[in-house]
Amino acid sequence: MTIQINTDHSLHGSASELNQTVTALLTRSLERFSGELTRVEVHLGDENGVDKKGADDKRCVLEARLPGHAPLVVTHHAATVGQALDGGVDRLKRLLENTLDRRKNHR
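Residues numbered from 1 in each chain as written. Predicted model: local features only at pLDDT ≥ 70, side-chain atom pairs only at ≥ 80, totals over all residues. Heavy atoms only, no water.

J.: Looking at this model, I keep getting lost on the environment of aspartate 8. Mind explaining?
T.: Along the polypeptide, aspartate 8 turns up in the loop between β1 (2–7) and α1 (15–29). For aspartate 8, a relative accessible area of 23% puts it in the partly exposed group. Spatially, the C-alpha atom of aspartate 8 lies 8.0 Å from that of histidine 43, the residues being 35 residues apart in sequence. Excluding residues that lie within four positions of it along the chain, aspartate 8 makes contacts with Leu44, Gly45 and Asp46. Of the polar contacts made by the side chain of aspartate 8, one reaches the backbone nitrogen of aspartate 46; its length is 3.0 Å. (Helix = DSSP H or I, 4+ residues; strand = E, 2+ residues; numbered from the N terminus. Buried < 20%, exposed > 50% of the residue type's maximum accessible area, 1.4 Å probe, protein only. Contact = heavy atoms within 4.5 Å. Polar contact = N/O pair within 3.5 Å; in protein donor to acceptor, adjacent residues only side chain to side chain.)

J.: Help me understand the environment of alanine 79, please; the structure alone is not making it clear to me.
T.: Considering the arrangement of structural elements, one finds alanine 79 in the loop between β4 (72–78) and α2 (81–105). The spacing of alanine 79 and aspartate 57 is 22 residues in sequence and 6.0 Å in space, taken between C-alpha atoms. Among residues more than four places away in sequence, those in contact with alanine 79 are Asp56, Asp57 and Lys58.

Bear in mind that shape data such as this cannot, by itself, settle questions of function.
This is the structure in structure tokens:
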């Protein structure tokens, strides 16, 4: 499973530290799907920009690729990048479970 991380210019902090954190979280959280997933793309951003604050303005979009299937995409908004990422991962796990269950039942 390849993990590709994209951020917008408004997120602060070390890019390499963020990449390591996100990669470790996804690897651990999606471990049971690793045989099915070819790639996961992560898009993190701040909807309001650097200088503006707002409730739930951090966005996490996760796009998972399964062979022979259209990309699976989830979005989660939260007050912090970490919360947005955690919520996005939870949504993606549920979507993968449902999709793979349906795929298995239709074979």
